[in-house]
Amino acid sequence: MNDLVLETRGLTKRYGDFTAVDHLDLSVRRGEVFGLLGPNGAGKTTTILMLLGLTEPTEGEVNVLGFDPARQPLSVKKRVGYMPDQVGFYDDLTARENLFYIAKLNGIPRDQIKRRVEEAIERVRLSEVIDKRVGAFSRGMRQRLGLADVLIKNPQLIIMDEPTQGLDPELAHEFLSLIHSLKEEGTTILLSSHLLHQVQAICDRVGLFSRGRMVLQGTVPELARKVLGGAYRIQLETEGSAAKFRKALEGLQDVNAVTVKDGRIIVEAQKDIRADAAEAVVKAGGRLRGLSVESQSLDDIYTRYFEEAKHETVN
Amino acid sequence: MKPSTRRMKVRDEREGSPWTGLGAVLTKEMADHLTGVRMLILEMLVLLTAVGTIYTALQTIRPGSNDEFLYLRLFTTAQDPLPAFVFFLAILVPLIAIALSFDSINGEFNRRTLSRILAQPVYRDALLMGKFLGGLLTLTMVFSAIWLLIFGIGILRLGVPPTAEETGRALWFLLGTIFYGGIWMALALLFSTVFRSPATAALASIAVWAFFIFFWNIVVGVIAPLLGPKQITTLDQLVAAGQMQMILTRISPITLYADIATIMLQPTERFLGFVLPVQLDRAIQAPLPLAQSVLVIWPQLTGLIAATILLFALAYVLFQRQEIRA
């Protein structure tokens, strides 16, 4: 049994004195969406290029779908779709012609090319402009065409570099839902981004990158627990005075603190104890109007983590 | 099973053929060239000079004369104010070759298509080779067409069919022309991998071209005497100095091409370069047979081909080492 689609061990890339990627251990499981997150210049693109065999690693091991990209780049590139950031096309060719070229480079049999190109374009909803010159395409259309370009080879793994960069929020959302539908079909996806809040929703696991190092890895709640002290912030809205339920709530298991603010009760807990909290309020004779748990945002985690890291180095 | 054990046996060489996808690149490049506006302009330019020079040449060539090589005269006859077609070729072929390839690599880079193309299952080899061969084949097609056109006009106006000897000579000259173009194409390809900006690559290529066309002979005139003895006293020294000058001028591809043109298109030319009157004693003033002419230009022709391969190899090495990230 082998669920790992991609694995690196001690992957390092140096340009002279500058270390772009520093002993990276990364693993991506089959069927998951993994987010490689971090600021610009953190080494995300360099990592991706090494995964594809487009840049030779200085040190370390890479394994993509059972192949070594440095030695077997063709096998890797046949199975892995790569969408570069700010994907470019031949502007004076049509969308169809652009994809035809890619299909031919992939060695897709002649009699299948036409069908596969049309299917891929259909998939990203560009069928209406299939015979228009790409030069006239908008940013969002190009990005979608970039995805069609990747889909044409039926990849087992898709790697996307900054897929939502330069898209307005609506387009970014639309694009992310396309990625989500791919995930539903069981495609494994590795994407890099510096726009944390955008990709948070679709990533199963994320790795936070900083200066060539992967500083944190895991699901978003995992990271939240690690960095934000594992606090779930549960908000309760009750009828009448909030203060009288305080005791009842403080008595619950896993509760760290209970505060009352603007008539709302905020419970900080180690687990998602919404059900217990509601029960406690009702038992204490209260009526519950609202109950919600604040989801932790990656932005918070990231900011907090680096604040702490900075703090530590200062001390 | 751990992934490391699943990995295929690691070999020292790269897997698969370096030419995977060459056909796809080649057809795309040729399609681009043949449908592009740039190519159209260049074709018009060559066509215009061909028709113009051939037309004026035809006015001086009379079909009745007992000249054996009427068709070759079409290439070499000049009449004021227009120089001969070969002269135009020597100048235009480099420009066409440079125009076809000065933006081949950096153009892909600037359009941001390079990383997308290289993420497909092909090696860089195929991309570079496809681009070069695509340009060279385009050049071959264009000049083959021009050659046929010239012979066509010739048949219509002269009324005699070309001899096998003439056809053979024209074909060898065509081969020389194509590789003369190949050198400049490889040079422009090299600059297109070195410089990020296509304009810089084009300018650098044209600078080299201008240097060889306008300045190389002057430079040789200055260098050659410095390399020899200060004062020439014996005949041997004179010969040596002359030969040194000869060797230096032949560094220029334009000289090599001119040599090929002279020998191939003027069958009565038996020697290239430095010849003493003693050596010409009792030489018969008759045209050389084709095979002998080929022997005379063989070094020039192989020189052109070798330089083309050398420049291409250099571009290849640089391209392989280039980081493709934008």
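Residues numbered from 1 in each chain as written. Chains lettered and ligands numbered in written order. Predicted model: local features only at pLDDT ≥ 70, side-chain atom pairs only at ≥ 80, totals over all residues. Heavy atoms only, no water.

Talk me through the side chain of B:Lys28; I want residue IDs and the actual numbers.
Within the fold, B:Lys28 resides in helix H2 (residues 22-35). Look past the residues within four positions of B:Lys28 in its chain and what remains in contact with it is A:Tyr90, A:Leu93 and A:Tyr101. (Helix = DSSP H or I, 4+ residues; strand = E, 2+ residues; numbered from the N terminus. Contact = heavy atoms within 4.5 Å.)

Tell me about the pattern of salt bridges, and name the residues and values.
Residues and elements named next belong to chain A. Under the defined criterion, the tally for this structure stands at 26 salt bridges over all chains. Two residues, Arg205 and Glu32, come together in a salt bridge whose shortest N-O distance is 2.9 Å. Of the two residues, Arg205 is situated in strand S8 (residues 205-210) and Glu32 in the loop between strand S2 (18-29) and strand S3 (33-37); the sequence distance between them amounts to 173 residues. Residues joined by salt bridges that share partners form a network here, namely Arg96, Lys114, Glu118 and Asp131. (Salt bridge = Lys/Arg side-chain N within 4 Å of Asp/Glu carboxyl O.)

Describe the packing of helix H9 (residues 164-194) of chain B against helix H14 (residues 290-321) of chain B, and please don't skip the residues or the numbers.
Working note: a packed helix pair is described by the angle between its axes plus the distance between those axes. Residue and element names in this part refer to chain B. Where H9 contacts H14, the two axes come as close as 8 Å, and the packing angle between them is 20°. Comparing their axes, H14 and H9 come out roughly parallel. In this structure, H9 crosses over H14, and the sense of that crossing is left-handed. Residues belonging to the contact of H9 with H14 are distributed by class as follows: 23 nonpolar, six polar and two charged. (Axes fitted to C-alpha atoms, helices over the stretch in contact; angles between N-to-C directions. Parallel < 35°, antiparallel > 145°, perpendicular 65-115°, else oblique. Left-handed = near helix turned anticlockwise from the far one by under 90°. Nonpolar A, V, L, I, M, F, W, Y, C, P; charged D, E, K, R; others polar.)

Let's hear about the confidence of the model for chain B: which residues, and what values?
Of all residues in chain B, 91% have pLDDT values of 70 or greater, and the mean over the chain is 87. Across residues 1-11 of chain B the pLDDT falls below 50, and counting only partners more than four positions away or on other chains, this stretch makes 22 contacts in the model. (pLDDT = per-residue confidence, 0-100.)

Tell me about the interface of chain B and chain A, residues and numbers included.
Across the contact, 38 residues belong to chain B and 43 residues belong to chain A. For the pair chain B and chain A, the summed buried surface comes to about 3700 Å²; carbon and sulfur atoms form 53% of the total. Put simply, chain B and chain A have one salt bridge between them. A salt bridge links A:Asp149 to B:Arg116, with the shortest nitrogen-to-oxygen separation between them at 2.4 Å. Between chain B and chain A we count 13 residue pairs in polar contact (both at pLDDT 80 or more) in total. Within the residue set of the side of chain B that touches chain A, elements represented by two or more residues are helix H1 (3-6), H2, helix H6 (104-111), helix H7 (114-118) and helix H8 (124-158) of chain B. Counting residues per element, the side of chain B that touches chain A draws most heavily on H2(B), which supplies five residues. Looking at the side of chain B that touches chain A residue by residue, the class counts come to 14 nonpolar, nine polar and 15 charged. (Buried area = accessible area lost by both parts, 1.4 Å probe. Polar contact = N/O pair within 3.5 Å; in protein donor to acceptor, adjacent residues only side chain to side chain.)

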